[in-house]
Amino acid sequence: MSTLITNIAELMTQDLEHRVLKDAAVVIEGERISWIGAAADAPAADDAVDAGGRAMLPGWVDSHTHLLFAGDRTAEFEARMAGESYSAGGIAVTMNATRATSDFDLTRLALGRVAEAVSQGTTYIETKTGYGLDIEHEARSARIASTIADQVTYLGAHLVPAGQDPDAYTDLASGPMLAAVRPYVQWADVFCEDGAFDAEQSRRVLLACRDAGLGLRVHGNQLGEGPGVQLAVELEAASVDHVNYLADKDVDALTGTWAGWDATTGTGRRGTVATCLPACDLSTRQPLAPARELLDAGVQVALASNCNPGTSYTSSMAFCVTTAVLQMRLSVHEAVRAATYGGALALHKDKGNDVDGERAVGSIAVGHRADLHLLNAPSATHLAYRPGMPLTYAVWRAGARAR
Ligand SMILES: N=CN[C@@H](CCC(=O)O)C(=O)O
Ligand SMILES: [Zn+2]
């Protein structure tokens, strides 16, 4: 079954050549893209969709979320808006609510959040554990997460639960808890920050996870100039996320990780992606991550929602893109790229165009997964020009119409 989508006013491919095609068309065959080009040259297909002169982008790749939770933290948010500062301690409130929720309800809540994200154009989504924080509940979160998200990250090292010895908990998270989640996860993450895990504890957990075959990422430099970025670089993590407070040496270290990468061919040694989380920055009243400086320094940047009840209760990638343009000084093309191709790079899903094998996400090219986002606007510029407007018109996820 093939579908021709034609009369696309602007096709922002986010491919390796950064092509933006005018008056374009795309053909989907099954789950993959089989043709792109000028609408006038489009081949026939079983079915045709008229895009009505709208703009098309790759579906958003949300590479950082925490969707396995129950309850909310409205009171904490209100206190923060009244001047309190964010601290890691709030995680325990969500841990208690999550532990008290049945498998059925936790699954239903998480599925609802994925559906909300997809309806806004997200077509590939990572999510994390981290609100279970004992063996039983971390394993349960990982198991449920593996049924609702495209990739799952183990975040047992999110907070040391009250009354537990930090080093004993670090051992637990590096040993039996890791073993319990291992069948369900591809990545491991640690919250390396004052009030959570220090550099030595974070390293211990990450090394154990690496030995267990997991890829690594780090929540780092969110609340101050901590050791997170340096640790991520040392351990060749796929991403370091938040990056609000960066010293020159942190930017230099991240730049260095991309020295062996050829961005024009998408080949070579991948470095550590800096994942910026603008909705979180605003909700916690932290300085916005320096995405402009990072891009100018040659670092690959991703934008993600960080959807969670404590610091960023939104899955709107469009909001992140709008903020990145209006407040972080990215161009629309750069911001959309960070929210699509950048996320794919952070999740190691930027490559693959085989008929039967791996299929890249986050860019529109022949062989890539047919993850497409049609805007109710003639160009992607409207994402920043019309902030807050509901611009998602249609979504295809792995070739299937999802909205
Ligand atoms: N920073 C650590 N973890 C989450 C927040 C968790 C929470 O407060 O519930 C984040 O990415 O912002
Ligand atoms: Zn997070």
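One numbering rule holds for all chains: residues counted from 1, following each sequence as written. In the order they appear in the text, chains get letters beginning with A and ligands get numbers beginning with 1. Given that this is a predicted model, residues contribute local features only at a pLDDT of at least 70 and side-chain atom pairs are listed and counted only at 80 or more, while totals for whole chains, interfaces and linings are drawn from all residues. Where side-chain values are given, they derive from all heavy atoms of the structure, hydrogens and water being excluded.

The name an unreviewed UniProt entry assigns to the chain is Imidazolonepropionase, from the organism Pseudarthrobacter siccitolerans. UniProt positions are given in the numbering used here, feature names are shortened, and annotations may be inferred rather than shown by experiment. UniProt annotates the chain under Function (unreviewed entry) with the comment "Catalyzes the hydrolytic cleavage of the carbon-nitrogen bond in imidazolone-5-propanoate to yield N-formimidoyl-L-glutamate. It is the third step in the universal histidine degradation pathway." Reading the Catalytic activity (unreviewed entry) entry of the UniProt record for the chain gives the comment "4-imidazolone-5-propanoate + H2O = N-formimidoyl-L-glutamate".

Novice: Looking at this structure, I do not really get the UniProt feature "binding site: N-formimidoyl-L-glutamate" (unreviewed entry) in the chain. What am I missing?
Specialist: According to UniProt, the positions carrying the feature "binding site: N-formimidoyl-L-glutamate" (unreviewed entry) are Y131, N308 and G310. For this annotated set, covering 180 residues, all C-alpha atoms fall within 11.2 Å of each other, a compact arrangement in space. In this structure, Y131 sits in the loop between β6 (122-128) and α4 (135-148). On the accessibility criterion, Y131 (2% relative accessible area) is buried. The contact criterion used throughout is that any non-hydrogen atoms of two residues lie within 4.5 Å. With residues near it in sequence (within four places) discarded, Y131 still touches H66, L68, F69, R73, I91, T94, M95, T98, E138, H158, N308 and P309. Numbering of helices and strands starts at the N terminus; helices are DSSP runs of H or I of at least 4 residues and strands are runs of E of at least 2. Looking at the secondary structure, you find G310 in the loop between β14 (301-303) and α12 (317-326). The cut-offs for exposure are 20% and 50% of the maximum accessible area for each residue type, with area from a 1.4 Å probe on protein chains only; residues under the lower value are buried, those over the upper are exposed, and the others partly exposed. Taking relative accessible area as the criterion, G310 reaches 6% and is therefore assigned buried. In this structure G310 touches R73, E76 and R80, once residues within four positions along its chain are discounted.

Novice: How should I be thinking about the site of ligand 1 in this particular structure?
Specialist: Around ligand 1, 16 residues are found, and the nearest of them are R73, Y86, Y131, H158 and T311. A distance of 2.5 Å separates an oxygen atom of ligand 1 from a polar atom in the side chain of Y86. Contact with the protein chains hides 100% of the accessible area of ligand 1, taken as 330 Å² for the molecule alone. Grouping the amino acids of the shell around ligand 1 by side-chain chemistry returns 5 nonpolar, 10 polar and 1 charged. Residue proximity to a molecule or strand is established when one non-hydrogen atom of the residue lies within 4 Å of it. By the criterion applied in these results, polar contacts are pairs of N or O atoms within 3.5 Å in which, for protein atoms, one can donate a hydrogen and the other can accept it, and in which residues neighboring in sequence qualify only through two side-chain atoms. What sets the accessible areas is the Shrake-Rupley method with a 1.4 Å probe; for residues, cover comes only from the shown protein chains. Each residue is assigned to one class: nonpolar for Ala, Val, Leu, Ile, Met, Phe, Trp, Tyr, Cys and Pro, charged for Asp, Glu, Lys and Arg, and polar for all the others, Gly among them.

Novice: Honestly, helix α9 (residues 248-257) in this entry has me stumped. Any pointers?
Specialist: Side chains of residues three or four places apart in an α-helix project in the same direction, reflecting 3.6 residues per turn. Along α9, the positions that sit buried rather than exposed are D250, V251, A253, L254 and T257. Buried residues along α9 cover an arc of 160 degrees about the axis, so they all sit on one side. Those residues of α9 that are exposed and angled more than 90 degrees off the buried face are D248, K249 and D252. Those residues of α9 that are buried lie in contact with α8 (228-234), β10 (239-242), β13 (273-276) and α11 (291-296). What the arc describes is the spread of directions from the helix axis to the C-beta atoms.

Novice: I would appreciate a short explanation of the packing of aromatic side chains in the present structure.
Specialist: Aromatic ring pairs are defined here through the distance separating the ring centres and the angle between the ring planes. By convention, a stacked pair of Phe, Tyr or Trp rings (six-membered ring in the case of Trp) has centres within 6.5 Å and planes under 30 degrees apart, an edge-to-face pair has planes over 60 apart, and any other such pair is tilted. What the rule picks out here adds up to 4 aromatic pairs. Ring centres of F69 and Y313 lie 5.7 Å apart, and the angle between their planes is 70 degrees; this geometry places the pair in the edge-to-face category. Taken together, the residues span a long stretch of sequence, with F69 in the loop between β5 (60-62) and α1 (74-81) and Y313 in the loop between β14 and α12 at a distance of 244 residues. On the basis of relative accessible area, F69 is assigned to the buried category, the value being 0%. Geometrically, the ring pair formed by W258 and W261 is edge-to-face, given 5.8 Å between the ring centres and 75 degrees between the ring planes. This pair shows no difference in class: W258 is buried, exactly as W261 is. Comment: the charge-over-ring label is applied if NZ (Lys) or CZ (Arg) is within 6 Å of the ring centre and within 35 degrees of the ring normal. The ring centre of F69 lies 3.5 Å from the NZ or CZ of R113, which sits over that ring. Its end group placed over the ring of Y341, R337 keeps NZ or CZ at 4.4 Å from the ring centre.

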